[in-house]
Amino acid sequence: MNFGGGQIVNIIISPFVTGEAAYQQLLVLFSTNKRKSRDRSLIAPGGMQLLTRQHLASLERELAEAKNNLEVARNAINSSNENVQSFNEELQSANEEMHSANEELQSVNEELQTVNRQQQQTNAELTESNDDLNNYFRSNTNGQLFVDHNLLLKRYSPGAVKHINLRESDIGRPLTHITTNIKFETLVVDIKKVMLDGLTITREAESTDGKIYQVMTMPYIRQSTNNADGAIISFYDITELKKLLAELDISNRGLTESVAAIKLSRQLVSQSLEKEKELNVMKSRFVSMASHEFKTPLTAIQLSAELIGRIALELDHPAVKKYTETIKNAVKNLTNILNDFLSLELLETGKINPIMSEFDVVSFAADVAEEMQSLVKREQQITYCHFGKGHLVTLNPSLLKNSMINLISNAIKYSGHDSRIEVRTKISGGYLTIIVSDNGIGIPKDDQKHLFEAFFRAHNTGNIPGTGLGLNIVTRYTALMGGKVRCKSEVNEGTTFTITLPVKPPEK
């Protein structure tokens, strides 16, 4: 094929057969010939085949060489990949180690921050402790020194200036080089002994101005070693305390004498009590004897007066009747007095042990009111009424009767003629209430607080006979049955006594 410029290009087209028959390929070859051919005809077929085989052989050699190069390159690439993978693994391991080291560094950093905070807190506490110590020394009015194990002065309180000649420049000087105002020759010896034994030594010393001090030397203990690293010397002014102790010693001697006098007085009182007991025994015997011995003649006099009274009625002799009534009344008063004394004696000696029994309080109180009706003054009247449905109580009939008789007798004595005495009973809520009221002379306010005391009589009773024992006996009889007595009174208007008792005694 001829292109412009006289260049000839040879084009060879032939089928290209490979091992794979499925594919049909053509081989197209282009070549130039620099020689100018005279004829422009095509190359002969035989020459073309030779040329093709040569060219194919050349191409096969190049292809084999390329394959070889490719295999070498592939092996190099595989080796490089393995190296890269190994490098990546090493890099990943290094990265993990770096990450671990970073975490450790972070943990160490946090620990350092914690330590730093603790150190700051410790510094603050040390500063505060130092401030406390300085303030303590500054405010300590007593003398106080701190020396180290070499007896060098480390600190002192302002109060120590009064006892030892100190200046600020003395800090760090040996204590033996400092002049003191206290006569204390064993101070240095005590300090050394305290540091050696770890014990506290307390002594008394006198100053040049006559004051007395208590000097306490104690070891200064280091917590880190638990050993003494110096000593603390404290000076306490006990001059006034010594004076007080001296005065107290004098007082103690006086107190001892007083105690001896008290013991002697106790002995005398004990002797007096023994005598009083003997007198009480004698009194008890006398009261018991007198009560029984007097009752017999009084009963005889009572019977005799009643017989004379009956004879006077038959003889119709008013004067005799009047005198017999006087005798009978006097006998009753004397009998009542003897009964009161006997009752009081029994109460004082604790010989009354009330036995409770069940009875009908309505018929009981009615009988007492009827019995007392025979003792009333002219035109006096006793009325009785009961409230409530219950009638039965469990009390001591003898003590209850004596109490009611005492209250009704007082109402009769302290009320005028033509007066009315009311007796009422009521059972409600498990309690028996007995009320005795009159419209007599009444009781003054000032006397009411002493009303139930033995031998007390109101100031407005005048010549009305009585012992002042009746209400005291009533109160004590009522208490033996678990009850109480109350009084309400107005002068010249009357008096009301109220006894409140449990219907049944409490279970013990």
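Just so it is clear, the structure is predicted and the values come from calculations on it, not from any experiment.

Another point: helix α3 (residues 187-197). Looking at α3, one finds that the buried residues are L187, D190, I191, V194 and M195. For α3, the arc enclosing every buried residue in end-on projection is 130°, short of the 170-degree limit, so these residues lie on one face. Of the exposed residues in α3, the ones pointing more than 90 degrees away from its buried face are V189, K192 and L196. Elements that come into contact with the buried residues of α3 comprise β3 (143-148), β6 (201-207), β7 (212-222) and β8 (227-237). In the stretch just after α3, G198 is the one whose phi turns positive, near 75°.

Counting 39 residues, the largest nonpolar core has I382, V393, L395, L400, M404 and I408 as the members making the most contacts within it. The set of elements that each furnish at least two residues to this core consists of α6 (361-373), β11 (392-395), α7 (397-413), β12 (420-428), β13 (431-438), α9 (470-480) and β15 (494-502). Once residues lying within four places of it in the same chain are set aside, the contact partners of I408 are V368, M372, I382, V423 and V436.

Taking strand neighbours across the sheet as the criterion, the 5 strands line up as β10-β12-β13-β15-β14 in an open arrangement whose pairing is mixed. Each edge of the open sheet is held by one strand with a lone partner, namely β10 (381-387) and β14 (484-490). Neighbouring strand axes in the sheet, compared pairwise and without regard to direction, differ in orientation by 15° on average.

Moving on, we get to the packing of α7 against α9. Their axes nearest at 9 Å, the elements α7 and α9 cross at an angle of 150°. As far as their axial angle goes, α9 and α7 are roughly antiparallel. Crossing of α7 over α9 shows left-handed handedness. Here L399, N402, S403, N406, L407 and N410 of α7 come into contact with α9, specifically with G470, L471, I473, V474, Y477, T478 and L480. Residue composition of the contact of α7 with α9, grouped by class: 7 nonpolar, 6 polar and no charged.

What sets the pattern is the α-helix's 3.6 residues per turn: residues three or four places apart point alike. Within α9, the full set of buried residues consists of G470, L471, N472, I473, V474, Y477 and T478. Looking one or two residues past α9, G482 carries a phi angle of roughly 80°, positive in sign.

Tracing the chain through its elements places M372 in helix α6. By relative accessible area, which is 2% here, M372 ends up buried. Expressed as a C-alpha distance, the spacing of M372 and M404, which sit 32 residues apart in the sequence, is 9.8 Å. In this structure M372 touches I382, I405, I408, S409 and I412, once residues within four positions along its chain are discounted.

When you line up the elements, R173 lands in the loop between α2 (160-163) and β5 (182-183). Here R173 falls in the partly exposed class, since its relative accessible area comes to 29%. The sequence separation of R173 and V147 amounts to 26 residues, and the corresponding C-alpha distance is 9.6 Å. Contact partners of R173, with chain neighbours within four places excluded, come to L151, L152, L153 and R167. A distance of 3.0 Å separates a polar side-chain atom of R173 from the backbone oxygen of H177.

A full pass over the atoms with the stated rule returns 2 aromatic pairs. Centroid distance F146 to Y220: 4.5 Å. Interplanar angle 35°. Geometry classified as tilted. Linking F146 in strand β3 with Y220 in strand β7, this pair joins segments that are 74 residues apart in sequence. Judged by its relative accessible area of 11%, F146 is buried. Using a relative accessible area of 27% as the deciding quantity, one classes Y220 as partly exposed. Centre to centre, the rings of F359 and F364 are 5.1 Å apart; their planes meet at 50°, and the pair counts as tilted. F364 matches F359 in its accessibility class, with the two residues each being buried.

For the rest of this paragraph, the subject is a nonpolar patch on the surface. On the surface, L241, L244, L245 and L248 cluster together into a nonpolar patch covering about 370 Å² of accessible area. The partly exposed category is assigned to L241, whose relative accessible area is 46%.

Moving on to the pattern of salt bridges. Under the defined criterion, the tally for this structure stands at 13 salt bridges. In this structure, E71 and R74 form a salt bridge, with 2.4 Å as the shortest nitrogen-oxygen distance. A residue pair is termed a helical-turn pair when its members lie 3 or 4 positions apart in one helix, as E71 and R74 do in helix α1 (residues 45-139) at 3 residues. Where salt bridges share partners, they join R420, E422 and R424 into one cluster.

Turning to unusual backbone geometry, a few remarks are in order. With a phi close to 70°, E379 is a non-glycine residue in the positive phi region. Take E379: it is sitting in the loop between α6 and β10. Using a relative accessible area of 54% as the deciding quantity, one classes E379 as exposed. Phi is positive for N492, which is not a glycine, with a value near 65°. Note that N492 resides in the loop between β14 and β15.

The 6 strands are arranged β4-β3-β8-β7-β6-β5 in an open sheet whose pairing can be described as antiparallel. Every other strand in the sheet has two partners, leaving β4 (153-156) and β5 as the edge strands with one partner each.

Take the environment of E370 next. Residue position: E370 is located in helix α6. When the C-alpha atoms of E370 and T383 are compared, they prove to be 8.9 Å apart, with 13 residues separating the residues in sequence.

It is worth spelling out the side chain of T217 at this point. Residue placement: T217 occurs in strand β7. Sequence-distant contacts of T217, that is, excluding residues within four places in its chain, are made with L187, D190, I191, V194, L199, T200, I201, A231, I232 and I233.

A few words on a negative patch on the surface. On the surface, E125, E128, D131 and D132 cluster together into a negatively charged patch. Locating E128 in the fold gives a position in helix α1.

Cut-off values and rules
- Residues numbered from 1 in each chain as written.
- Predicted model: local features only at pLDDT ≥ 70, side-chain atom pairs only at ≥ 80, totals over all residues.
- Heavy atoms only, no water.
- Buried < 20%, exposed > 50% of the residue type's maximum accessible area, 1.4 Å probe, protein only.
- Helix = DSSP H or I, 4+ residues; strand = E, 2+ residues; numbered from the N terminus.
- Arc of directions from axis to C-beta.
- Contact = heavy atoms within 4.5 Å.
- Core = buried A, V, L, I, M, F, W, Y, C linked by side-chain atoms within 4.5 Å.
- Pairing = 2+ DSSP bridges.
- Axes fitted to C-alpha atoms, helices over the stretch in contact; angles between N-to-C directions.
- Parallel < 35°, antiparallel > 145°, perpendicular 65-115°, else oblique.
- Left-handed = near helix turned anticlockwise from the far one by under 90°.
- Nonpolar A, V, L, I, M, F, W, Y, C, P; charged D, E, K, R; others polar.
- Polar contact = N/O pair within 3.5 Å; in protein donor to acceptor, adjacent residues only side chain to side chain.
- Phe/Tyr/Trp six-rings, centres within 6.5 Å; stacked < 30°, edge-to-face > 60°.
- Patch = residues over 30% accessible without salt bridge, like charges linked within 9 Å, V, L, I, M, F, W, Y side chains within 5 Å.
- Areas by Shrake-Rupley, 256 points an atom, 1.4 Å probe, with all protein chains shown as cover.
- Salt bridge = Lys/Arg side-chain N within 4 Å of Asp/Glu carboxyl O.
- Lys, Arg positive; Asp, Glu negative; His and termini not counted.
- Charge placed at Lys NZ, Arg CZ, Asp CG, Glu CD.

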